[in-house]
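# Fold and contact review
Chain residues, written in single-letter form:
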Amino acid sequence: MRAPNRAVLRAERCSTFLKIPKNISAEPSMLDMAWPKGDRMPVLTFTSPSMHKDVRVYAPAGDTHTVLAVAEKNGVKIPYDCKDGDCGSCLILVEFAEANKAKMAITLSEKEKAKLRELGKITAQEIKDAEVDDLAPHYRLACQFIVREEEITIHFTGSPGGS
Ligand code: FES
């Protein structure tokens, strides 16, 4: 099998989000090896009983789209209303693939913290863990969570605020 053409990979990376089949692994692959070190792509897998199958998406590293924006761009229907952290419709459960990966700062806005607290989906200890120790909370609002370098699986029920 031929190695992927680096120029093609770069062109794809610079265009838009890439939807790839579920059977293509995001673990070390030719794609990963062809990428410059320290320039990792976020990999998001969306899963829900409301979908026929999971959708896995590579997003360009350094992009600043929210999980909700990535979902919309790829036809994944996470429920939403306000897109501003107010309604809680876009609640998601986030699972990180790499438990031993270097920690990254967790950004939770006051609005997101307040809404998650109101929904009973985050505790004061989880907020402290996120802000002091960079431990990601389990629940997030898809409209507030900006994708970075993580490989994550995003669970949602398909009902507003249902994760
Ligand atoms: S869409 Fe309302 S909180 Fe995300």
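Keep in mind that what you see is a predicted model, and the values were worked out from it rather than measured. (Residues numbered from 1 in each chain as written. Predicted model: local features only at pLDDT ≥ 70, side-chain atom pairs only at ≥ 80, totals over all residues.)

Within the protein one finds five helices and six strands. Its helices and strands in sequence order give the protein the pattern α-β-α-β-β-α-β-α-α-β-β, from N to C terminus. The burial tally for the protein puts 26% of its 163 residues in the buried class. Put simply, of all contacts in the protein between residues at least 6 apart along the chain, 71% involve residues at least 24 apart. (Helix = DSSP H or I, 4+ residues; strand = E, 2+ residues; numbered from the N terminus. Buried ≥ 20, exposed ≤ 12 C-beta atoms within 10 Å, placed from the backbone. Contact = placed C-beta atoms within 7 Å.)

Time to look at helix 4 (residues 110-118). Turning to helix 4, its buried residues are Glu-112, Lys-113, Lys-115 and Leu-116. Around the axis of helix 4, the buried residues are gathered within 170° of arc, so they sit on the same side. Along helix 4, exposed side chains directed more than 90 degrees from the buried face belong to Glu-110 and Glu-118. Looking one or two places after helix 4, you find Gly-120, whose phi comes out positive at around 75°. (Arc of directions from axis to C-beta.)

Look at any regular strand and the pattern is simple: side chains alternate between the two faces of the sheet. Of the two faces of strand 6 (residues 151-155), only one is covered, namely that formed by Ile-152 and Ile-154; the face formed by Glu-151, Thr-153 and His-155 stays uncovered. Note that strand 2 (residues 43-47) and strand 6 share five bridges and pair parallel. In the sheet register, Phe-46 faces strand 6, and the bridge partner there is Ile-154. In terms of strand pairing, strand 4 (residues 91-96) meets strand 6 through four bridges, oriented antiparallel. Within strand 6, the position partnered with Val-94 by the bridge is Ile-154. (Pairing = 2+ DSSP bridges.)

Here we take up unusual backbone geometry. The phi dihedral of Lys-83 is positive, around 60°, even though this residue is not glycine. By the element assignment, Lys-83 lies in the loop between helix 3 (67-73) and strand 4. Judged by the 17 C-beta atoms lying within 10 Å of it, Lys-83 falls in the partly exposed class. Here the phi dihedral of Asp-134 falls at roughly 55°; this positive angle occurs in a residue that is not glycine. Note that Asp-134 resides in the loop between helix 5 (124-133) and strand 5 (139-141).

Attention now goes to the nonpolar core. Of all hydrophobic cores here, the largest spans 25 residues; its most connected members are Leu-44, Val-67, Ile-78, Cys-90 and Ala-142. Listed by contribution, the elements that provide at least two residues to this core are strand 2, strand 3 (55-58), helix 3, strand 4 and strand 6. (Core = buried A, V, L, I, M, F, W, Y, C linked by C-beta atoms within 7 Å.)

Quick look at helix 5 now. The buried fraction of helix 5 is low, at one of 10 residues. Just past helix 5, the residue Asp-134 takes up positive phi, approximately 55°.

That is the geometry; function is a separate question.
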